[in-house]
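Per-entry structural report
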Amino acid sequence: MTTNRSLPILAPAAKPTDRLGRPLRDLRISVTDRCNFRCIYCMPREVFGPGFEFLGRSELLTFEEVARLARIFAGLGVVKLRITGGEPLLRRDIEELVRMLAATPEIEELTMTTNGSLLAPKARMLREAGLDRITVSLDALDDAVFRAMSDVPIPVARVLEGIEAAGEAGLGPVKVNMVVKRGVNEDQIVPLARHFRGSGHILRFIEFMDVGTTNGWRLDDVVPAREIRERLEACGGLEALRPNYPGEVATRYRWADGGGELGIIHSVSHPFCSSCTRARLTANGELYTCLFGARGHDLRALLRSDADDATVAGAIRAIWAARTDRYSELRSEATEGLARVEMSRIGG
Ligand code: SAM
Ligand code: SF4
Ligand code: SF4
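So, a few notes on the structure that sits alongside this text. (Residues numbered from 1 in each chain as written. Chains lettered and ligands numbered in written order. Predicted model: local features only at pLDDT ≥ 70, side-chain atom pairs only at ≥ 80, totals over all residues. Heavy atoms only, no water.)

1. As for the overall build of the chain
Filter applied, for reference: We count a stretch as a helix when DSSP gives it H or I for four or more residues in a row; a strand needs E for two or more, and each element gets its number in order from the N terminus. The globule rule used here is 2.2 Å times the number of residues to the 0.38 power, and the radius of gyration it is set against is calculated over C-alpha atoms. Each residue's exposure class comes from its accessible area (1.4 Å probe, protein chains only) as a fraction of the maximum for that residue type: buried when under 20%, exposed when over 50%, partly exposed otherwise. Contact between two residues is taken to exist if any of their heavy atoms lie within 4.5 Å; hydrogens are not considered. Charged-residue counts in this description rest on Lys and Arg as positive and Asp and Glu as negative, His and the chain ends being excluded. Here the site of a charge means NZ on Lys, CZ on Arg, CG on Asp, or CD on Glu.
Across its full length, the chain holds 11 helices and 12 strands. Its C-alpha radius of gyration of 20 Å places the chain within 12% of the 20 Å reference for a compact globule of 348 residues. In terms of its C-alpha atoms, the chain occupies a principal-axis envelope of roughly 70 × 50 × 40 Å. Residues classed as buried in the chain amount to 54% of the 348 residues present. Restricting the contact set of the chain to residue pairs at least 6 apart, pairs at least 24 apart contribute 73%. Of the side chains in the chain, 47 bear a positive and 47 a negative charge, and the two mean positions are spaced by 3 Å.

Below, the structure is given as structure tokens:
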């Protein structure tokens, strides 16, 4: 056998780590900044009203551009992709993007976060296109409280149907995310826990976060993880579970009587920046290295230039290598009043 010794042997490029030693493992891809809900903690109607200027079609990354970026990110160490928004199911032909992303080598898990209102008729199609699992946001079981959070006249039943359809389509166990806001939906912690006990779905409680600058966040509005756990314990014994993987954002519990799993995401009371391996891409192609970033890095301009994949990869590598973000650990007067990207743009 002859070998061509003149060709250099290329070692696979090292995967980048940031300035705090954190690798790049997850990419959250927002596919739209629009939404059919106006959750008071995310897109308050006073700000996101009829006059609000959303991104135009030509500003959005095309599916081909997203898929190309996903391949490049996978080459840099990303093994998990999450499609989000705004509301990702509003993006036309989203299952096509799912199909393209599912074909990315190295990706171990492709998921989506949705408000669930458009999910029931699409769940099977998404599964067939290659979506592995789904997270559905649901803040109350009671219609009036649900509406006080979502600020739209959509009944809870629509979201519950979406969750069931996703389970039947093989997208389960469905993670159901409840953002808890003091004085608005805290009385729904126990009803939701009872509803999903024994269902096979995993309910996760999220502390209300100071993302963006429009939701009027105050520390007093946060129901801390400890209090959420105490309320749950009043309706049954809980046992702590080990994390599924290092850096998992939810603290996991199970009902002692075998009723299944629950989680609490305590980003405010116990930040987890030291294990944060997530990058976020906005629908117009800006890369953020923190949920609380003030500014993104424009990858779209690079994609629409004649830059080859190695050049784009080099730019992302440099951005990640320079990363020092740990906003939640620093959260204090030092971070008050700082500019921050809105959740509906960055995708949670
Ligand atoms: N529209 C989809 C949905 O609601 O699932 C996807 C995008 S949404 C921005 C992603 C997640 O962020 C949702 O689970 C939502 O509840 C959460 N979220 C939005 N604003 C938040 C806040 N201020 N604090 C905590 N979680 C928030
Ligand atoms: Fe829309 Fe999701 Fe934000 Fe609610 S949390 S307004 S559903 S993007
Ligand atoms: Fe990651 Fe930023 Fe959240 Fe910390 S504050 S966990 S660095 S996204």
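2. Quick look at the sheet that holds strand E1 (residues 26-30)
So the rule is basically this: DSSP calls a pair of strands paired once it identifies at least 2 bridges connecting them.
Pairing is mixed in the open sheet, where 12 strands are placed in the order E7-E8-E9-E6-E5-E4-E3-E2-E1-E10-E11-E12. The strands lining the two open edges of the sheet, one partner per strand, are strand E7 (238-240) and strand E12 (297-298). The pairing of E1 with strand E2 (residues 80-84) spans 5 bridges and is classified as parallel. In the sheet register, leucine 27 faces E2, and the bridge partner there is leucine 81.

3. Notes on the packing of aromatic side chains
Going by this rule: Note on aromatic contacts: the rings of Phe and Tyr and the six-membered ring of Trp form a pair at centre separations within 6.5 Å, being stacked when their planes are under 30 degrees apart, edge-to-face when over 60 apart, and tilted otherwise. For a Lys NZ or an Arg CZ to count as sitting over a ring, it must be within 6 Å of the ring centre and within 35 degrees of the ring normal.
Applying the stated criterion to the full structure yields 4 aromatic pairs. A ring pair is formed by phenylalanine 37 and phenylalanine 146, whose centres lie 6.0 Å apart and whose planes are at 80 degrees; its orientation type is edge-to-face. In this pair, phenylalanine 37 sits in the loop between E1 and helix H1 (63-75) while phenylalanine 146 sits in helix H4 (residues 143-150), placing the two residues 109 residues apart along the sequence. Seen in terms of ring centroids, phenylalanine 292 and tyrosine 327 are 4.1 Å apart; in terms of plane orientation they differ by 10 degrees. Their pairing is stacked. Here phenylalanine 292, found in the loop between strand E11 (286-288) and E12, pairs with tyrosine 327, found in helix H10 (residues 327-330); they are 35 residues apart in sequence, far enough to count as distant. The exposure classification of phenylalanine 292 matches that of tyrosine 327, with both residues buried. Following the ring pairs from residue to residue traces out a cluster consisting of Phe48, Phe52 and Phe54. Taking the ring centre of tryptophan 255 as reference, the NZ or CZ of arginine 197 above it sits at 4.0 Å.

4. Structural notes on the pairing of strand E5 (residues 175-180)
Rules: Seen with its strands pointing away from the viewer, a crossover is right-handed when the path leading from the first strand over the helix to the second is clockwise.
Across the 6 residues of E5, 6 count as buried, placing the element largely inside the fold. Going residue by residue along E5, you find Lys175, Asn177 and Val179 tucked away on one face and Val176, Met178 and Val180 tucked away on the opposite face as well. In this fold, E5 hands off to helix H6 (residues 189-196), which returns the chain to strand E6 (residues 202-207); that crossover is right-handed.

5. Things to note about the site of ligand 3
To be explicit about the condition: By convention in these notes, a residue is near a molecule or strand provided one of its non-hydrogen atoms lies within 4 Å of it. Just so you know the grouping, Ala, Val, Leu, Ile, Met, Phe, Trp, Tyr, Cys and Pro go in nonpolar, Asp, Glu, Lys and Arg go in charged, and all remaining residues, Gly too, go in polar.
Taken together, the residues surrounding ligand 3 are Phe272, Cys273, Cys276, Arg280, Cys290, Leu291, Phe292, Arg323, Asp325, Tyr327 and Ser328. Tallied by class, residues from the shell around ligand 3 come to 7 nonpolar, 1 polar and 3 charged.

6. Brief notes about the nonpolar core
Let me state the cut-off plainly: Nonpolar core, defined: a set of buried Ala, Val, Leu, Ile, Met, Phe, Trp, Tyr and Cys residues in which side-chain atoms within 4.5 Å join the residues together.
Counting 102 residues, the largest nonpolar core has Phe73, Ile134, Leu138, Phe205, Leu232 and Ile316 as its most contacted members. Looking at which element gives the most residues to this core, the answer is H1, with 7 residues. Apart from the residues within four sequence positions on either side, leucine 232 is in contact with Ile189, Ala193, Phe205, Leu238, Trp255, Leu262 and Ile264.

7. Topic: the environment of proline 105
Position of proline 105 relative to the elements: it lies in the loop between helix H2 (94-102) and strand E3 (109-114). By relative accessible area, which is 48% here, proline 105 ends up partly exposed. Separated by 30 residues in the primary sequence, proline 105 and glycine 75 have C-alpha atoms spaced 8.9 Å apart.

8. Topic: the site of ligand 2
Close contacts around ligand 2 come from Cys35, Phe37, Cys39, Tyr41, Cys42, Met43, Gly86 and Asn115, and that covers them all. Partitioned by chemical class, the residues of the shell around ligand 2 number 6 nonpolar, 2 polar and no charged.

9. Points about the side chain of glutamate 286
What counts, and what does not: Two N or O atoms count as a polar contact when they lie within 3.5 Å, although within protein this holds only if one can serve as hydrogen donor and the other as acceptor, and sequence-adjacent residues are included solely when both atoms are side-chain atoms.
Structurally, glutamate 286 is set in strand E11. A distance of 3.4 Å separates the side chain of glutamate 286 from the side chain of tyrosine 288, its partner in a polar contact. Not counting residues within four places of it along the chain, the set of residues in contact with glutamate 286 comprises Arg280, Leu281, Gly296, His297, Asp298 and Arg345.

10. Details of helix H7 (residues 225-233)
Cut-off, in case you're wondering: Note that the arc is defined by the directions from the helix axis to the C-beta atoms.
Those residues of H7 not exposed but buried are Ala225, Glu227, Ile228 and Leu232. The buried residues of H7 all sit within an arc of 165 degrees when viewed along its axis, so they share a single face. Buried residues along H7 sit against E5, H6, E6, E7, strand E8 (250-255) and strand E9 (261-265).

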